[in-house]
Amino acid sequence: MTALTLSTAAASGLRADAIVIGVAKGTRSKSGDLVVAPGAEAVDKAYDGRLAAVLETLGASGAEGEVTKLPAPAGFKAPLVIAVGLGAEPEKDETYDAEALRRAAGVAARTLTGTKKAAFALPLTDAADAGAVAEGVLLGAYSFDVYKQNGRQAKNDAKAKNGKAPLAEAVLLGGKPRDAAYKGALARATAVGEELNRARDLINTPPNDLTPQSFAAIAQTAAKEHGIRVQVLDEKALTKGGYGGILGVGGGSAAAPRLVKLSYTSSKAKKHLAFVGKGITYDSGGISLKPAGHNETMKCDMSGAAAVFAAVVAAARLGLEVNVTGWLALAENMPSGSAVRPGDVLRMYSGKTVEVLNTDAEGRLVLGDALWAASEEKPDAIIDVATLTGAMMLALGSRTFGVMANDDAFRAAVHEAAEEVGEPAWPMPLPEHLRKGMDSQVADIANMGERMGGGLVAGLFLREFVGEDIPWAHLDIAGPAFNEGGPFGYTPKGGTGTAVRTLVRVAELAAAGDLG
Ligand code: BES
Ligand code: ZN
Ligand code: ZN
C-alpha cells in the first residue's frame, strides 16, 4: 500500500519521480481559460509564471480526469510535473470540493503506477482536504494482480522487472505535518483506504478461492488482529439455529454457507449500529440459472458483505465511540441435486415461511435471516448493503446506489452521509402497493413479486425481516459495486468497495451523537 507523509519541503528540493499539481477551468476573470490551482506556485514561478500558458499549449483544459505531463523546470530535483484536472475553478471565496481533490489525486496515483515516489502539490485549505487527497491517492493507486505471474510476489522482489507496482510513496505538500487535525485526517484516510482496498481484494478474488469458508476465515483473522469479537455459524450451527434462508441458498453448493458476526465495542459507546452484508461468493442463479453473459461478474455478489467487513474493521482501527455489529451472510448460489428449487418453501430464521419462486432472487433470502438475527439485539439502527437487483442498476446506472428505508429521516441521514464522502447515492421509495405481488398461495410470502420496480419489491421483502421500531436502511449497490468500464477518478476496474465510506461515516455520526 502507498506510504503517505505530510511535508513542508519546497517542491523544487524534493527527490521524487514527479510533482503533481492541479489545474482547473477558470470561472472568474477570463472564464474558460486554464488556471493553475493553489499549491503549484513554486512550479509556476520556475516557469516564469507561464505554466498555465504552457499547459494550454499542451492541450490542457482543466477538465476532471485529465492528465498533462511536462518536464519539470530547471532547478527541480524531480524530473516530471503531472498536472491533473480539477474541473471548474471554485467561485470566489470558495475552495475546491473534497471530492474533486480526491478524484484528481486518484487519477494522478493511477498515472504514477510503476513509479516510486511522488509529491502532491494540490490545493489544500484544511486537514479535511489533506484527508481527501490521501484517500484519493490510496484508492487510486490500488491494483489487483495477485493472480498474474508477475504479480504481487514479483513486485516485492527488487530484482523483478515489473514496472506496474503501485506508487510506493506519496508526499503531501501544503499541509501542516505537526498539526493534530492533519495527522488525524491522514490516519483516518489510511485506515479507511486500506480497509476499502481490502474489500476490493475480496471482491476481485475469484470465486474458486473466495468461498463462504475462506471469507469467514479471513474475517476471523482480521477481527482478532483488531480486537473485534467474531462468531462464525457453520452449516451445523445454522441448521440448529433454523437459518432456513441461508441454508436454502447455500444448499446447492459444495462450499457450505456461513453467517459471520463481527462485534466491535467501545467502552464509550452510546449507540449500537448493525451492518448487514449480502455475501454471495458466486451467484450462478441456482436452478433458475443465469444465462451466459449475466454470470461472468457474479463473483461481485459478496460486495455488500465485503463493505460491511471493511467498515467494521475501519471503525475498530479508528476507535470510534460506537458499538458496531457486522453480519456477513455468506453462501454460494449453485444449481445441484441439493439446491433449493423454484416451488420450495423455506422456513426463515424469523419463523416466516418463503415460497421460492426464483432461486436467482437469493440475496433477499440470506439477508432475511441476517436482518432478523441483527434485529434480535435491538440495535439503534440497521443498514444492509447488497448487490440485490439488476432492476436497481437499470434505474440508477452503474455509479449510483439506491437508498431505501422504513424511516424517512434515517434514509435522508444515510443519503447525506453518502454524499458527504463522495459516494453517489439516491433515495428510492418502498411503495406499499408492491407488497401484494409477493403474496404466496402456500407460504407467508414469495421471494418474487412484480417485475416492474424489482429493486423496490426486493426492498419491501427485506423490510419484513426487520424488527419492529428499528430504523433500517437498505443500500442496493448492484450498479456501483463492480466497475466493468475503464477506471475513473480513484475507482479502478473491478471491485470498487462502494458503501464502505458511507458506513464508516454513519458510524462516525452515531459516535458523535449526530445520527438522529
Ligand atoms: N446478484 C443479482 C443482482 C445483480 C445483477 C447484481 C447485476 C449485480 C449486477 C441478484 O441475486 C439477482 O439475480 N436478482 C434478480 C432478482 C429477480 C430474479 C427477482 C434480478 O435482479 O434479476
Ligand atoms: Zn441472484
Ligand atoms: Zn445475487
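Residues numbered from 1 in each chain as written. Chains lettered and ligands numbered in written order. Predicted model: local features only at pLDDT ≥ 70, side-chain atom pairs only at ≥ 80, totals over all residues. Heavy atoms only, no water.

**Overview of the pattern of salt bridges**
Inspection of the entire model under this criterion finds 27 salt bridges. Between Glu135 and Arg188 there is a salt bridge, with the nearest N and O atoms lying 3.5 Å from each other. Separated by 53 residues along the polypeptide, Glu135 in helix 4 (residues 127-140) and Arg188 in helix 6 (residues 180-204) bring together distant segments of the chain. Ionic pairing is found between Lys278 and Asp301, a salt bridge with its closest N-O pair at 3.1 Å. With Lys278 in strand 10 (residues 272-283) and Asp301 in the loop between strand 10 and helix 10 (303-318), the pair connects residues that are 23 residues apart, well separated along the chain. (Salt bridge = Lys/Arg side-chain N within 4 Å of Asp/Glu carboxyl O. Helix = DSSP H or I, 4+ residues; strand = E, 2+ residues; numbered from the N terminus.)

**Concerning the environment of Ala311**
Positionally, Ala311 belongs in helix 10. Placed 196 residues apart in sequence, Ala311 and Ala507 show a C-alpha to C-alpha distance of 8.7 Å.

**Details of the domain arrangement of the chain**
The domain boundaries assigned to the chain delineate domain 1 (3-178) and domain 2 (193-511). Placing a centre on the C-alpha atoms of domain 1 and another on those of domain 2 gives a separation of 36 Å. Contact with domain 1, which involves 15 residues of that partner, is made by 18 residues of domain 2. Contact with domain 2 buries surface across domain 1, with Leu139, Tyr142 and Tyr147 losing the most and accounting together for 43% of the total. Our enumeration of links across domain 1 and domain 2 arrives at one salt bridge. Note that Arg501 is salt-bridged to Glu135, the shortest N-O span being 3.2 Å. Where domain 1 touches domain 2, the interface holds nine residue pairs in polar contact (both at pLDDT 80 or more). Of all the secondary-structure elements, those providing two or more residues to the side of domain 1 that touches domain 2 are helix 3 (98-111) and helix 4. Among the elements that make up the side of domain 1 that touches domain 2, the one with the highest residue count is helix 3 (six residues). Each residue belonging to the side of domain 1 that touches domain 2 can be placed in one class, and the counts come to six nonpolar, three polar and six charged. (Domains from an automatic or database assignment. Contact = heavy atoms within 4.5 Å. Buried area = accessible area lost by both parts, 1.4 Å probe. Polar contact = N/O pair within 3.5 Å; in protein donor to acceptor, adjacent residues only side chain to side chain. Nonpolar A, V, L, I, M, F, W, Y, C, P; charged D, E, K, R; others polar.)

**Regarding helix 3**
The terminal C-alpha atoms of helix 3, which comprises 14 residues, lie 20 Å apart, in line with the 20 Å expected from a rise of 1.5 Å per residue. Burial analysis of helix 3 places ten of its 14 residues in the buried class, the great majority of the element. For helix 3, the set of buried residues is Glu99, Ala100, Leu101, Arg102, Ala104, Ala105, Gly106, Val107, Ala108 and Ala109. (Expected span 1.5 Å × (residues − 1). Buried < 20%, exposed > 50% of the residue type's maximum accessible area, 1.4 Å probe, protein only.)

**So, the packing of aromatic side chains**
Applying the stated criterion across every chain yields a total of four aromatic pairs. Plain terms: the ring middles of Phe215 and Phe309 are 6.2 Å apart, the flat faces sit at 70 degrees to each other, and that makes the pair edge-to-face. Placement of the pair is Phe215 in helix 7 (residues 212-225) and Phe309 in helix 10, with a sequence separation of 94 residues. Relative accessible area serves as the criterion here: at 0%, Phe215 is assigned to the buried category. Consider the rings of Tyr243 and Tyr349, whose centres lie 4.0 Å apart with planes at 5 degrees: the pair is stacked. With Tyr243 in the loop between helix 8 (235-241) and helix 9 (244-250) and Tyr349 in the loop between strand 12 (345-347) and strand 13 (353-355), the pair connects residues that are 106 residues apart, well separated along the chain. Here Tyr243 and Tyr349 have matching classes, each one buried. (Phe/Tyr/Trp six-rings, centres within 6.5 Å; stacked < 30°, edge-to-face > 60°.)

**Some remarks on helix 11 (residues 363-376)**
Taking 1.5 Å per residue, 14 residues should reach 20 Å; helix 11 reaches 20 Å between its end C-alpha atoms and fits that length. With twelve of 14 residues buried, helix 11 lies mostly within the body of the structure. Looking only at helix 11, the buried set comprises Gly363, Arg364, Leu365, Val366, Leu367, Gly368, Asp369, Ala370, Leu371, Ala373, Ala374 and Ser375. The positive-phi residue at the C-terminal boundary of helix 11 is Lys378, with phi of around 50 degrees.

**Some thoughts on the coordination of the zinc ion (ligand 3)**
Summarising the metal site, the zinc ion (ligand 3) is bound by the protein donors Lys278 (NZ), Asp283 (OD), Asp301 (OD) and Glu362 (OE), whose distances to it range over 2.0 to 2.4 Å. For the zinc ion (ligand 3), the six donor atoms are set out with angles of 78 to 172 degrees between them, so the coordination reads as octahedral. Ordering the donors of the zinc ion (ligand 3) by residue number gives the pattern K-x4-D-x17-D-x60-E. (Donors = N, O, S within 2.8 Å, 3.2 Å for Na, K, Ca; no water. Tetrahedral: all angles 85-135°; square planar, octahedral: opposite > 155°, others 65-115°.)

**Some words on unusual backbone geometry**
The general pattern is negative phi for most residues beyond glycine and trans for most peptide bonds. Positive phi outside glycine occurs at Asp93, with the angle close to 70 degrees. Along the chain, the position of Asp93 falls in the loop between strand 5 (80-88) and helix 3. Even without being a glycine, Lys378 presents a positive backbone phi close to 50 degrees. Positionally, Lys378 belongs in the loop between helix 11 and strand 14 (381-386). You can call Lys378 exposed: its relative accessible area is 68%.

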